[in-house]
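# Architecture at a glance
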Amino acid sequence: MILVTGATGNIGNTLLRELRASGTGPLRGLTRETARAAFPAGVEAVAGDLTRTASLKPALEGVRSMFLVSRIGPDAEIIEAARSAGVEHVVLVSSITVQTHPHLGPAEENLTVERLLKDSGMAWTILRPTQFASNALWWAEAIRGHEAVRVPYADIGLPTIHPADIASVARVALTESAHRGRTYALTGPERITARQQVGAIAAVLGRDVPFAGISRQEAHRAMAAFLGEEAAAAVLDLTGGDVNDELLAVRDTVSRITGAPARTFRQWAAANAAAFR
């Protein structure tokens, strides 16, 4: 039995579909509302909430391997619950910032979760993806309203990753024992700037999308209103204010592990065009 937590999310839902298509079974998807879960046929939908560890007990029963995204719930409790239930292997989605920006608060938190898993006695595989292509959904409201997308560091390109590629690597890690005890940094196939991302979305929509580069100070004021001062500063560091060679590096990990080319940002934009219309 494989349990996919966050099964209705960008990564989890794709992972369930890939696992099902590959013939892996049995499969179980964790969701807060089973009635609304659109899982592939044959996937068992089980109710549970990562923020309430006690609710996970039925979902963990009989599970051999588990997929987990860090920092959604109390990770120490979740990992202990999995260990106590007899889970043998956990594939954890952490962040590339653990190695590129270890001084930042979120990176320190992710590293703590990685260490908890490694110390748990269970087998582990750790995935450290870079910036998600789906972060572009932050611009969806402005684009739908035909307003300008306003971003700082407009021409600094990061190797943005398609969430489906994280799912593809996780599928291999969950089904092939050779990936146990391994840590993988994951990126997209190319560096792409915010300006180029908006251009890709515009091309998919078939219309112009206004774009404006803004200062860090202006961006920080806007982001701090809903993220808080420290988190906003960290996000801005990672999108251009404190980039380094490690963060900018394009890696071939996705293609090496899955045997398929990493998906481009344009592919993500095409698949999610409805969000911007």
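The structure displayed is predicted, hence computed values, not measured ones.

In this structure, Thr97 sits in helix H4 (residues 97–100). Exposure remark for Thr97: the relative accessible area of 8% places this residue in the buried category. Not counting residues within four places of it along the chain, the set of residues in contact with Thr97 comprises Pro102, Ala107 and Leu238.

Among the secondary structure elements, Ala59 is positioned in helix H2 (residues 57–60). Relative accessible area serves as the criterion here: at 0%, Ala59 is assigned to the buried category. Taking C-alpha positions, Ala59 is 9.8 Å from Ala82, a pair spaced 23 residues apart along the chain. Not counting residues within four places of it along the chain, the set of residues in contact with Ala59 comprises Leu3, Arg28, Leu30 and Val46.

Residues that lie three or four places apart on an α-helix share one face, since the helix turns once every 3.6 residues. The end-to-end C-alpha distance of helix H8 (residues 194–205) is 17 Å, a good match for the 16 Å that 12 residues give at a rise of 1.5 Å each. Those residues of H8 lying buried are Ala194, Gln197, Val198, Ala200, Ile201, Ala202, Val204 and Leu205. Residues of H8 that are buried in the fold lie against helix H6 (140–144), strand E7 (149–151), strand E9 (211–213) and helix H13 (265–271). Following H8 by one or two positions, Gly206 adopts a phi angle in the positive range, close to 75 degrees.

Let us look at the nonpolar core. Counting 28 residues, the largest nonpolar core has Val4, Leu15, Phe67, Leu127 and Leu186 as its most contacted members. Taken together, the elements giving at least two residues each to this core come down to strand E1 (2–4), helix H1 (10–21), strand E5 (89–93), helix H7 (163–175), strand E8 (182–186) and helix H12 (253–258). Top contributing element to this core by residue count: H7, with 7 residues. Not counting the four nearest positions on each side in its chain, Leu127 is found in contact with Val91, Leu92, Val93, Ser94, Ser95, Ile166, Val169, Ala170, Tyr184 and Leu186. Among the nonpolar cores identified, the runner-up in size contains 23 residues, and Met1, Ile78, Val90 and Leu117 belong to it.

A few words now on the pattern of salt bridges. Considering all chains together, one arrives at 15 salt bridges under this definition. The partner of Asp49 in a salt bridge is Arg32, with the nearest N and O atoms 3.5 Å apart. Linking Asp49 in the loop between strand E3 (43–47) and H2 with Arg32 in the loop between strand E2 (27–31) and E3, this pair joins segments that are 17 residues apart in sequence. Note on Arg32: relative accessible area 60%, which makes it exposed. Where Arg150 meets Glu218, a salt bridge forms, and the shortest distance between an N and an O atom there is 2.2 Å. One end of the pair, Arg150, is in strand E7; the other, Glu218, is in helix H9 (residues 216–227), and 68 residues separate them in sequence.

Reading guide: rules and limits
Residues numbered from 1 in each chain as written. Predicted model: local features only at pLDDT ≥ 70, side-chain atom pairs only at ≥ 80, totals over all residues. Heavy atoms only, no water. Helix = DSSP H or I, 4+ residues; strand = E, 2+ residues; numbered from the N terminus. Buried < 20%, exposed > 50% of the residue type's maximum accessible area, 1.4 Å probe, protein only. Contact = heavy atoms within 4.5 Å. Expected span 1.5 Å × (residues − 1). Core = buried A, V, L, I, M, F, W, Y, C linked by side-chain atoms within 4.5 Å. Salt bridge = Lys/Arg side-chain N within 4 Å of Asp/Glu carboxyl O.

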